[in-house]
Amino acid sequence: MLALPILCLLALASAPPPEVPSSTPSRVLTSLIPSQVTVTGFLSSCFRGAKPSHDPVVAADEADRNAPPFVREELDLLRRGDLAPAQSAWHDACATHIYPTGALAVGETGAAKACETCAVVSWMWLNQALLESSGDPRYADLVEKLLWNHLPALRSADGAVRRYAPLNGPGPSRADPLPDCCATAASRVLALAPSLIYATGPAGIYVNQFCDSSATLKTPRGERLGLDQHTGYPGREDIALRVRLPVDEKFTIFVRVPAWSEGPTVRLFYYAPQQATPGTYFAITRTWSDNDIAHLRFPSSPRWVPGTGPNAGTTALIRGPLVYVATGGAASGPAAVSTSEVPRRLPAPEGVLGPFYRVGFRSANGLTTDATLIPFANLSTIASDEPYATWLPTAP
Ligand SMILES: [Zn+2]
């Protein structure tokens, strides 16, 4: 009678180790697929012509192949489920190698041949993967910068893909007519970008990005859920998030509150606005009904950020996620920008991302002239060989 248990123990002890399931990244959040989201407004013009049928799995593989070694190593860590070392490497990179546009600068700070499109794209996918693995909104903050700066700037005025979009240009900008690393990366990211906006998780629905759009999701109970964003964001600071539901249901919508926002608020109906904390998710838990609207407000004012390292002595204008550039003579001339003046807001032309800002430039002989700075995103409206500058010399 005792022999059987002993045999069983022996059998267990000598059994080969259980097969480790093929590694899949653990996910806290799952993004929507692009076909569930319709983007309208400014970004829709950037996505026009991109093929929405791209398979995200193939895209991830391609991004991997084109990625700089640092990004490739981090993606490998995430695939093995090693989140903490991937986050640690991300922190190290962000401490010294991030442009205000969100792009990663690896050994190319300030160089004309910088911010290669395929590298920018793979860096963005890494940040989205970190967001989905951790649920930490700081990665969505970085995706937002790329979404509103480099993505719209990927194409030049004649429709070609820019191979490089350095902060001061022009760089060697056009991709080859034949598909290359940058042309394929650009078409993939433009097709998949709508999937960055919403995600679902065990705790509810997550709003990670803001742009004029409509989406179709499922509620936790499996009902059809429509979410519409009516907004001129990021040029404007208000977003109306409308819920469409066939039947009332209680669940939570988590709204990312951008880290850069100044005094952000969330308001339901005509109740008093509630203060939100920048750099967190604001949880709205309630029994939602059809046509309920949450009013989000993310104020920001223009400010100058100083350049460091090779860019010391220069400054860049930012507002919210937007980074600004001077074009033409103001970009290539010796005049320095006067940061003591408050930039004056100007409306942008119809169909172009705004606002613009008017700032004073001081030349060596003390004369001050005004020039207009436009969002970096609008590089897609200027010719590939036209000079532009994000980093501007600072007047003493
Ligand atoms: Zn490339």
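Everything discussed here concerns the structure shown above.
Below you will find a few notes about this structure. Model, not experiment: these values are computed from the prediction.

### Topic: the pairing of strand β19 (residues 356–362)
Now for step 1: Across two bridges, the pairing between strand β17 (residues 336–337) and β19 is antiparallel. Residue V337 lies in a different strand from β19, and its bridge partner there is F361.
Now for step 2: The pairing of strand β18 (residues 344–346) with β19 spans three bridges and is antiparallel. When the bridges of β19 are listed, L346 appears paired with F356.
Now for step 3: Bridge count for β19 against strand β20 (residues 368–375) is six bridges, and the pairing is antiparallel. Considered in β20, the bridge of Y357 is made with L373.
Now for step 4: Counting the residues in the hairpin turn of β19 and β20 gives five residues, including G366, whose phi is positive at 90°.

### Looking at the pairing of strand β6 (residues 213–218)
Now for step 1: As paired elements, strand β2 (residues 37–39) and β6 share three bridges and run antiparallel to each other. From the neighbouring strand, V37 faces β6, where its bridge partner is A215.
Now for step 2: Pairing geometry for β6 and strand β7 (residues 224–231), over six bridges, is antiparallel. Pairing of L217 across the sheet is with L225, part of β7.
Now for step 3: Taken together, β6 and the strand that follows it, β7, pair antiparallel across an intervening segment of five residues, in which G222 is found at a positive phi of about 95°.

### Side note on the environment of T184
Now for step 1: With respect to the element layout, T184 can be found in helix α9 (residues 181–192).
Now for step 2: C-alpha separation for the pair T184 and T117, spaced 67 residues apart in sequence, amounts to 9.6 Å.

### Structural notes on the sheet that holds strand β4 (residues 198–201)
Now for step 1: Read from one edge of the open sheet, five strands run β1-β4-β5-β9-β12, paired in mixed fashion. At either end of the open sheet lies a strand with only one pairing partner, and these are β1 (30–31) and β12 (280–288).
Now for step 2: Direction of pairing for strand β5 (residues 204–207) relative to strand β9 (residues 249–257): parallel, over a ladder of three bridges. Looking at the pairing, V207 lines up with V255 of β9.

### Section: helix α6 (residues 117–134)
Now for step 1: An ideal rise of 1.5 Å per residue puts 26 Å on 18 residues; α6 measures up with 26 Å between its terminal C-alpha atoms.
Now for step 2: Burial analysis of α6 places 18 of its 18 residues in the buried class, the great majority of the element.
Now for step 3: With its phi angle positive at about 70°, G135 sits one or two positions after the end of α6.

### Considering the nonpolar core
Now for step 1: Judged by nonpolar contacts, the single largest core of 106 residues is most densely connected at V143, V189, Y198, V255, Y324, V325 and L373.
Now for step 2: Residue contributions to this core peak at eleven residues, all from α6.
Now for step 3: When neighbours within four sequence positions are excluded, V143 is seen to be in contact with M124, N127, Q128, L131 and L196.

Calculation criteria
Residues numbered from 1 in each chain as written. Predicted model: local features only at pLDDT ≥ 70, side-chain atom pairs only at ≥ 80, totals over all residues. Pairing = 2+ DSSP bridges. Helix = DSSP H or I, 4+ residues; strand = E, 2+ residues; numbered from the N terminus. Expected span 1.5 Å × (residues − 1). Buried ≥ 20, exposed ≤ 12 C-beta atoms within 10 Å, placed from the backbone. Core = buried A, V, L, I, M, F, W, Y, C linked by C-beta atoms within 7 Å. Contact = placed C-beta atoms within 7 Å.

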